[in-house]
Amino acid sequence: MSNETLAPAKLVIPWRTRLALAVLSVVTDMSRRSDGTINRRLLNLLDFKSSPSPNKPVRSVFSSDITVDPTRNLWFRLYTPENSGVDGGDPASLPVLIFFHGGGFSFLSAASSTYDAVCSRFARRFPAIVLSVNYRLTPEHRFPCQYDDGFDVLRFLDNNRANGSLPPNADLSKCFLAGDSAGANLAHHVAVRVCRAGFQNVKVIGLVSIQPYFGGQERTRSELQLVGYPLVSVERTDWCWKVFLPDGSDRDHPAVNVSGPNAEDISGLDFPDTIVFVCGLDPLQDWQRRYYEWLKRSGKKATLIEYSNMFHAFYIFPEVPESRKLFSEVKEFVDRRLSRL
């Protein structure tokens, strides 16, 4: 590990964002018990939820919840732009973006107000049909439940187009996987599974990896030196990995250290073009850069976008100017990928 000292930019964020970050950190810390369980009752009191709006668009987007498997509460929230052709608008086909929310595999859901707003913005900005997956959480459901849930949603789409619940202009041959933090980890592993599955209808052509949650046994320079920044700390991430991994595993497990000593060989897979977002005030940035470099070494097309003065999960706060820039960068990536088809 390099002895070079990081000289991060000063963290300058609006007071509203700073307050929200402080509340989120306190709530997640208070809900984590020392025995490795979570106080869901406390967490749910402060995890504000948004209801779907299937009959009246909210900011020009309809939304509805589609059940995949009721026995494991596996479902997704479907976002459809108002003028997508379902009500007499433009009938042109739209790409499908399948989104996985963050939260260390332990917190939040597809109904959380923050992610409801994020997915609505994606649907409206591109435009695209967006599916936000509600996967099972740890510690109640450990690895590989989250990856199974993500993959099964895509298999559900491949088999029956979600029982006709998708609009007719949703083009499953133009699918993008996307996620932030733990959701970006999940999106990567689902992409690998999809490459091996040989689906008939679903074709994943792009991967949007927003500050992916990876790690390893090593303590990287950014983990050691970026202390006290929002949301991410060594103690929090260690706890989340411990309740996620099978008993007896360490953080060099391939689910965690995706580019490490136990990494899966993807060189022979038709892995989708990938865009990776990294921030200079995110303690996970070294792992994220290693992921990008590993993709390149594996012969895959990858683009790295850096925000030197941003923190983990900055983009979910619309009052932060760089948030708008990230949405624009994702739209450009999607447009470029579609233009090459």
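First things first, this report covers the structure right here in the doc. Treat the numbers as computed from the prediction; the structure is a model and nothing was measured. (Residues numbered from 1 in each chain as written. Predicted model: local features only at pLDDT ≥ 70, side-chain atom pairs only at ≥ 80, totals over all residues. Heavy atoms only, no water.)

1. Regarding the overall build of the protein chain
Thinking step 1. Scanning the protein chain from terminus to terminus reveals nine helices and eight strands.
Thinking step 2. Radius of gyration (C-alpha) of the protein chain: 19 Å, near the 20 Å computed for a compact globule of 341 residues.
Thinking step 3. A buried classification covers 57% of the 341 residues belonging to the protein chain.
Thinking step 4. For the protein chain, the proportion of contacts with a sequence separation of at least 24, taken over those separated by at least 6, is 78%.
Thinking step 5. By element, 51% of the accessible surface of the protein chain is carried by carbon and sulfur atoms, the whole surface being about 14,500 Å².
Thinking step 6. Charge separation in the protein chain, taken as the distance between the mean sites of 40 positive and 37 negative side-chain charges, equals 3 Å. (Helix = DSSP H or I, 4+ residues; strand = E, 2+ residues; numbered from the N terminus. Rg over C-alpha atoms; globule rule 2.2 N^0.38 Å. Buried < 20%, exposed > 50% of the residue type's maximum accessible area, 1.4 Å probe, protein only. Contact = heavy atoms within 4.5 Å. Areas by Shrake-Rupley, 256 points an atom, 1.4 Å probe, with all protein chains shown as cover. Lys, Arg positive; Asp, Glu negative; His and termini not counted. Charge placed at Lys NZ, Arg CZ, Asp CG, Glu CD.)

2. Structural notes on the layout of surface pockets
Thinking step 1. Its boundaries defined by the atoms lining it, the largest pocket holds a volume of some 940 Å³.
Thinking step 2. Elements supplying a minimum of two residues to the lining of the largest pocket: α1 (15–31), α2 (40–46), β1 (61–69) and α3 (113–125).
Thinking step 3. Tallying contributions element by element places α3 first for the lining of the largest pocket, with nine residues.
Thinking step 4. Of the residues that constitute the lining of the largest pocket, the class distribution is 19 nonpolar, eight polar and seven charged.
Thinking step 5. Estimated volume of the second largest pocket: approximately 330 Å³.
Thinking step 6. As for the second largest pocket, its lining consists of 17 residues, and the residues nearest its centre are R40, N73, L108, N134 and L137.
Thinking step 7. In terms of residue count, α2 provides more of the lining of the second largest pocket than any other element does, three residues in total.
Thinking step 8. Within the lining of the second largest pocket, the residues separate by chemical class into five nonpolar, six polar and six charged. (1 Å grid on protein atoms, 1.4 Å probe; cavity = no way out; pocket = protein on both sides within 12 Å on 5 of 7 lines; lining within 4 Å. Points joined across faces, edges and corners; volume = space filled by probe spheres on them. Nonpolar A, V, L, I, M, F, W, Y, C, P; charged D, E, K, R; others polar.)

3. Let's talk about the sheet that holds strand β4 (residues 129–134)
Whether parallel or antiparallel, the strands of a sheet pair through hydrogen bonds between backbone atoms.
Thinking step 1. Judged by pairing direction, the sheet is mixed, and its eight strands sit side by side in the order β1-β2-β4-β3-β5-β6-β7-β8 without closing on themselves. Both edges of this open sheet fall to β1 and β8 (302–307), since each of them pairs with a single strand only. Averaged over all pairs of adjacent strands, the angle between their axes in this sheet comes to 20°, without regard to strand direction.
Thinking step 2. Contacts from α3 reach β1, β2 (74–81), β3 (94–100), β4, β5 (170–180) and β6 (204–210), with the element oriented near 40° to β2.
Thinking step 3. Contacts between helix α4 (residues 145–160) and the sheet are confined to β1, β2, β3, β4, β5 and β6, with β2 contributing the most and set at about 55° to the helix. (Pairing = 2+ DSSP bridges. Axes fitted to C-alpha atoms, helices over the stretch in contact; angles between N-to-C directions.)

4. Here's the deal with empty space enclosed by the protein
Thinking step 1. Using the criterion set out here, one finds two cavities of 30 Å³ or more in the structure.
Thinking step 2. Taken as a whole, the largest cavity spans an internal volume of roughly 420 Å³.
Thinking step 3. If you trace the largest cavity, you find 25 residues lining it, with G103, G104, S181, L231 and H312 closest to the centre.
Thinking step 4. Elements supplying a minimum of two residues to the lining of the largest cavity: α1 and α7 (234–244).

5. Some details on the packing of α4 against helix α5 (residues 182–197)
Thinking step 1. At a minimum axis distance of 9 Å, the contact between α4 and α5 shows a crossing angle of 55°. Between α4 and α5, the angle is such that the two are oblique. The chirality of how α4 crosses α5 is right-handed. In contact with Q146, Y147, D148, G150, F151 and L154 of α4, α5 contributes N185, L186, H189, V190, R193, V194 and A197.
Thinking step 2. Of the residues in the contact of α4 with α5, the class split is seven nonpolar, four polar and two charged. (Parallel < 35°, antiparallel > 145°, perpendicular 65-115°, else oblique. Left-handed = near helix turned anticlockwise from the far one by under 90°.)

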